[in-house]
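# Residue-level structure breakdown
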Amino acid sequence: MAIADIVQEHQQAVEEEFGPENFVVVVRGLLDEADVQGIKVIDKFAKDNAKVFASQSGCEIRDVGAVLEETAMITQRVQQF
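Residues numbered from 1 in each chain as written. Predicted model: local features only at pLDDT ≥ 70, side-chain atom pairs only at ≥ 80, totals over all residues. Heavy atoms only, no water.

Before going further, it helps to examine the overall build of the protein. Assigned secondary structure in the protein consists of 4 helices and 0 strands. For 81 residues, the compact-globule estimate of 2.2 N^0.38 gives 12 Å, and the C-alpha radius of gyration of the protein, at 18 Å, exceeds that figure by more than 25%. With the C-alpha coordinates aligned to their principal axes, the bounding extent of the protein is approximately 60 × 20 × 10 Å. Taking all 81 residues of the protein together, 11% fall into the buried category. (Helix = DSSP H or I, 4+ residues; strand = E, 2+ residues; numbered from the N terminus. Rg over C-alpha atoms; globule rule 2.2 N^0.38 Å. Buried < 20%, exposed > 50% of the residue type's maximum accessible area, 1.4 Å probe, protein only.)

The description of two helices packed together rests on the angle between their axes and the distance between the axes. For the pair helix α1 (residues 3–18) and helix α2 (residues 23–48), the least separation of the axes is 9 Å and the interaxial angle reads 140°. The pairing of α1 with α2 is recorded here as oblique in orientation. Considering the relative orientation of α1 and α2, their crossing is right-handed. Facing α1, whose interface residues are Ile-3, Val-7, Gln-11, Val-14, Glu-15 and Phe-18, α2 presents Phe-23, Val-26, Val-27, Leu-30 and Ala-34. Classifying every residue of the contact of α1 with α2 by side-chain character gives 9 nonpolar, 1 polar and 1 charged. (Axes fitted to C-alpha atoms, helices over the stretch in contact; angles between N-to-C directions. Parallel < 35°, antiparallel > 145°, perpendicular 65-115°, else oblique. Left-handed = near helix turned anticlockwise from the far one by under 90°. Contact = heavy atoms within 4.5 Å. Nonpolar A, V, L, I, M, F, W, Y, C, P; charged D, E, K, R; others polar.)

So, about the pattern of salt bridges. A complete count under the given rule lists 1 salt bridge for this structure. Close ionic contact of Lys-44 with Asp-48 constitutes a salt bridge, the shortest N to O distance being 2.7 Å. In this pair, Lys-44 and Asp-48 are both assigned in helix α2, 4 residues apart and thus about one turn of the helix distant. With a relative accessible area of 51%, Lys-44 lands in the exposed category. (Salt bridge = Lys/Arg side-chain N within 4 Å of Asp/Glu carboxyl O.)

Interpretation note: all reported values are geometric properties and have no functional meaning in isolation.
Printed below as a string of structure tokens:
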């Protein structure tokens, strides 16, 4: 489920709790937190796969394939956002 779907689903409750004028503030907070968590995911991905990224040759094809699959999955989830 994308963040936009969650926001839309809970918009009325958020506006009732925080006021319609503060809805944008709440959404900005969600986006900021999504950015923080996204950076953590990318940093961990880069750290976990540093061996594959650093070497020009000598990597197992299975390792490269696994990294490419994970990259595709991360890209797909980013597009859902």
